[in-house]
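# Survey of secondary and tertiary structure
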Amino acid sequence: MLPPPVEEAEPPPPAPLAAIALGVTGLLFVTLGATAQALHLAWGLWFSELFVFLAVPVIALQLAGRHPTRALRLAAPAGRGLLAGFTVGLCNYAAWAVPLMWLAEQVFPREIVERFSSARLFERQTPLELVVVVLGVSLAAPLGEEVLYRGLVQAGLSTRVGWPRAVVVTGLLFSLMHFDPVGLLARFELGVVFGLLAWRAGSLWPAIGAHAANNLTSCAVFFALGADDADVPLGVAAALFVGGNAALAGVVAWLARSRAWRPPHPAAAAPAEPPPLGRALRPWLVAALGAVALLVAVDLRGVRLNLIDLTISLPAPAAGSTDEARRAWRELTALRARARRGEADLAEYRDLRQRLASAGQR
């Protein structure tokens, strides 16, 4: 077992505050966040994590008169907690994430697996955008999502249902928010692991480290093998399950003996004076507007291409499509790549996409 939980330096946030923040985050994610990612995936990932998942809990705590870093258990030094969590995340990825995704692939039809495949994150991205996506998945997502789910929601729920149930419920909410039926069970397991780390460590940093390890390893596997977690062969999944669980047991045993990774808590501070709503929102709104201005200045062409794709619906050819349909799709894909590089006119791409869409409707 892991060491017993650390005594809280500051009481958890109240459950109603956590529930309101979760609801606001969900609403903003399916509207503002989804729009940002549709307009520009690489930029939108960072925008969603920073200005939705991270901003809402911080603002909510400020308005409640709480110190965000202390209330979220982020005030303590991060290094050892991140390292311990990263190690657990690596082992858990092999032990449970990959085998559970393999099981999901056997249950769901192939077209559903492909529709929700994480590989879609990397489609049609330039090399620079791929770097931004990987950094967003590996850095921004662990920070923003752990602040919301483990830092605020899980801690708030614990005041009503106790820590063990709060870990399970928050893990389920975390998985459901990804809107991915194929990865539902695997992400639930991940959410429980992240929740246990945050609870037992008395700090959010181990959960952030484990989350980063899982996402970074998944990206590395995709780029190394050209396949996502659900595409591994049975023998590989079985070997990872056995070896990963052996390694995970060793890491947990080490953590049970060592207290060095558990960062000390600072003394609890007096309640802060709640700022006016405008003052709490202002820095985030200014930063968000700056991010939008940066996107327009750097990659307006990419945004315009994505808008064309959104307004002219044209699915990729199905497995049984004719050779002519597949050739037309390859031609469109090649033209889009040239338009993305500025070697072809956007109007030419829009017209070809419109012709293919019209032909498919007849």
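No experiment lies behind these values; they were computed from the predicted model shown. (Residues numbered from 1 in each chain as written. Predicted model: local features only at pLDDT ≥ 70, side-chain atom pairs only at ≥ 80, totals over all residues. Heavy atoms only, no water.)

In this section: the packing of aromatic side chains. Within the structure shown, the criterion is met by 13 aromatic pairs. Both rings, one in F29 and one in F179, keep their centres 6.4 Å apart while their planes meet at 10 degrees; by these two values the pair is stacked. Taken together, the positions of F29 in helix α1 (residues 15–39) and F179 in the loop between α7 (163–176) and α8 (184–201) put the pair 150 residues apart, joining distant regions of the chain. Assessed through its relative accessible area of 16%, F29 is described here as buried. On the basis of relative accessibility, which here comes to 48%, the residue F179 falls in the partly exposed class. Of the aromatic side chains, those joined through ring pairs into one cluster are F29, F53, Y149, F174, F179 and F194. R150 extends its terminal NZ or CZ atom over the ring of F174, reaching a point 4.6 Å from the ring centre. (Phe/Tyr/Trp six-rings, centres within 6.5 Å; stacked < 30°, edge-to-face > 60°. Helix = DSSP H or I, 4+ residues; strand = E, 2+ residues; numbered from the N terminus. Buried < 20%, exposed > 50% of the residue type's maximum accessible area, 1.4 Å probe, protein only. Lys NZ or Arg CZ within 6 Å of the ring centre and 35° of its normal.)

Moving on, we get to a negative patch on the surface. Taken together, E331, D345, E348 and D351 make up a surface patch of like negative charges. Topologically, D351 is positioned in helix α13 (residues 346–361). (Patch = residues over 30% accessible without salt bridge, like charges linked within 9 Å, V, L, I, M, F, W, Y side chains within 5 Å. Areas by Shrake-Rupley, 256 points an atom, 1.4 Å probe, with all protein chains shown as cover. Salt bridge = Lys/Arg side-chain N within 4 Å of Asp/Glu carboxyl O. Lys, Arg positive; Asp, Glu negative; His and termini not counted. Charge placed at Lys NZ, Arg CZ, Asp CG, Glu CD.)

Next up on the list: the pattern of salt bridges. Applying the stated rule across the entire model yields 11 salt bridges. As a salt-bridge pair, R124 and D309 come within 3.3 Å of each other at their nearest N and O atoms. Pair noted here: R124 is in the loop between α5 (110–115) and α6 (127–161) and D309 is in helix α11 (residues 277–311), with a separation of 185 residues, a long-range link. Of the residues examined, R124 reaches a relative accessible area of 48% and is grouped as partly exposed. D309 sits in the buried class, given a relative accessible area of 11%. D309 is paired through a salt bridge with R353; the nearest N and O atoms lie 3.3 Å apart. Of this pair, D309 sits in helix α11 while R353 sits in helix α13, placing them 44 residues apart in sequence. Here R353 falls in the buried class, since its relative accessible area comes to 5%.

Moving on, we get to a nonpolar patch on the surface. There is a patch of nonpolar side chains on the surface, built from L128, V131, L135 and L139 and spanning about 380 Å² of accessible area. As for its position among the elements, L139 is in helix α6.

A word on the packing of α6 against α8. Running from amino to carboxyl end, α6 crosses α8 at an angle of 60 degrees, the nearest separation of the two axes being 11 Å. With respect to α8, the element α6 is oriented oblique. Seen from above, α6 lies across α8 with right-handed handedness. From α6, E146, R150 and Q154 reach across to α8, where they touch G191, F194, G195, A198 and W199. Along the lines of polarity and charge, the residues of the contact of α6 with α8 split into 3 nonpolar, 3 polar and 2 charged. (Axes fitted to C-alpha atoms, helices over the stretch in contact; angles between N-to-C directions. Parallel < 35°, antiparallel > 145°, perpendicular 65-115°, else oblique. Left-handed = near helix turned anticlockwise from the far one by under 90°. Contact = heavy atoms within 4.5 Å. Nonpolar A, V, L, I, M, F, W, Y, C, P; charged D, E, K, R; others polar.)

So, about unusual backbone geometry. A positive phi angle, close to 60 degrees, is found at R124, a residue other than glycine. In this structure, F179 is a non-glycine residue whose phi angle is positive, near 55 degrees.

Interhelical geometry of α6 versus helix α9 (residues 205–225) gives an angle of 155 degrees and a closest axis separation of 8 Å. Taken as axis vectors, α6 and α9 run roughly antiparallel relative to one another. Along this stretch, α6 crosses α9, giving a crossing that reads as right-handed. Residues L130, V134, V137, S138, A141, P142, L143, E145 and E146 of α6 pack against A207, I208, H211, A212, N215, L216, C219 and F223 of α9. Broken down by class, the residue content of the contact of α6 with α9 amounts to 12 nonpolar, 3 polar and 2 charged.

Over its 35 residues, α11 extends only 37 Å from the first C-alpha to the last, a length that falls short of the 51 Å expected when each residue adds 1.5 Å. Along its length, α11 reaches its greatest deviation from straightness, about 95 degrees, at D299. For α11, the full list of buried residues reads A280, A288, A291, L295, D299, G302, V303, L305, N306, I308 and D309. (Expected span 1.5 Å × (residues − 1). Bend = angle between axes of the 7 residues up to and from the residue.)

Checked against the element boundaries, L74 lands in the loop between α3 (68–71) and α4 (79–107). In sequence terms L74 and A347 are 273 residues apart; their C-alpha atoms lie 49 Å from each other. Residues contacting L74, with those up to four places away along its chain left out, are T69, V147, L204, W205 and I208.

Moving on, we get to the confidence of the model for the chain. On average, residues of the chain score 89 in pLDDT, and 91% of them reach the 70 mark or higher. No element of the chain has a lower mean pLDDT than α5, at 85, and none a higher one than helix α2 (residues 41–63), at 97. (pLDDT = per-residue confidence, 0-100.)

Right, let's get into the nonpolar core. As a rule of thumb, soluble globular proteins bury nonpolar side chains together. If you look at the biggest cluster of nonpolar residues, it comprises 39 residues, and the most contacted ones within it are L72, L74, V88, Y149 and F194. Among the elements that make up this core, the one with the highest residue count is α2 (7 residues). Counting 12 residues, the second largest nonpolar core, distinct from the first, contains I312, L332, Y349 and L352. (Core = buried A, V, L, I, M, F, W, Y, C linked by side-chain atoms within 4.5 Å.)

All right, on to the side chain of E189 then. Position of E189 relative to the elements: it lies in helix α8. The side chain of E189 is buried and forms no salt bridge, while R187, the nearest opposite charge, is found at 11 Å. Not counting chain neighbours up to four residues away, the residues in contact with E189 comprise N92, W96 and L100.

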